[in-house]
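# Per-entry structural report
So you can see what is in the structure, the chains are spelled out below.
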Amino acid sequence: DSGVTQTPKHLITATGQRVTLRCSPRSGDLSVYWYQQSLDQGLQFLIQYYNGEERAKGNILERFSAQQFPDLHSELNLSSLELGDSALYFCASSAGQATYEQYFGPGTRLTVT
Amino acid sequence: AQTVTQSQPEMSVQEAETVTLSCTYDTSENNYYLFWYKQPPSRQMILVIRQEAYKQQNATENRFSVNFQKAAKSFSLKISDSQLGDTAMYFCAFMKGAASGTYKYIFGTGTRLKVLA
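What comes next concerns the included structure. (Residues numbered from 1 in each chain as written. Chains lettered and ligands numbered in written order. Predicted model: local features only at pLDDT ≥ 70, side-chain atom pairs only at ≥ 80, totals over all residues. Heavy atoms only, no water.)

## A short note on the state of the cysteines
For the structure shown, the criterion picks out 2 disulfides over all chains. Covalently, A:Cys23 is tied to A:Cys91 through a disulfide, its sulfur atoms 1.8 Å apart. Taking the torsion about the sulfur-sulfur bond, which here is approximately -50 degrees, the covalent link between A:Cys23 and A:Cys91 counts as left-handed. Remark: A:Cys91 occurs in strand E9 (residues 87-94) and A:Cys23 occurs in strand E3 (residues 19-24); sequence separation between them is 68 residues. Accessibility expressed as a relative area gives 0% for A:Cys23, which makes it buried. Between the sulfur atoms of B:Cys23 and its disulfide partner B:Cys92 the distance amounts to 2.0 Å. What sets the handedness of the B:Cys23 and B:Cys92 disulfide is the S-S torsion sign, and at about -70 degrees it is left-handed. On the criterion of sequence distance, the pair formed by B:Cys23 in the loop between strand E3 (19-21) and strand E4 (24-26) and B:Cys92 in strand E10 (residues 88-96) is long-range, its members being 69 residues apart. The exposure class of B:Cys92 is buried, given its relative accessible area of 1%. (Disulfide = S-S within 2.5 Å. Helix = DSSP H or I, 4+ residues; strand = E, 2+ residues; numbered from the N terminus. Buried < 20%, exposed > 50% of the residue type's maximum accessible area, 1.4 Å probe, protein only.)

Shown next, in the form of structure tokens:
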């Protein structure tokens, strides 16, 4: 158990809908990262937050947005969902900007039908 | 831009044998970090081993060790005494050093390892 929690574990929704994925980092970790893993592929970096502020962005679609709240949990919002958004979404956390080791949550499997 | 290449999509090894997974990367950075993550069928991402580029000594964690060749930009993972529980997808990951201001991982496409009984 990495100490990073993600909810829900599974999510099935229809095209055009909007969903919110939630992540709670390990206790004391200030940085949160979101990654997308499509079927049998590597993980693609989406976005990073550090202590409530956006720090880095990857190839995140405009339909996707994220935020980190004062209690350090983070939410990834996916809107106008398309079939191609079906994937495993991982959240990871690390202690701070100078800490390079990331701990991954169990992921949220999103299925868009 | 940094890239990470894992040229072996699938590998298999007999239980108790040794296997080496390859990873090469491309970067102009001098300070960076490299990782191997394991993803078993449960899909959980588990850190196997890490290497700091400024360290010449190869990292070792129990049965897992790396061969880090900085000049060649190569970072292979050796698994000794393979066990059935090592069956998983293995991802190589790169991260730029702290001075870059960002800490995202760049992952390779993975190597699916099957340990045979």
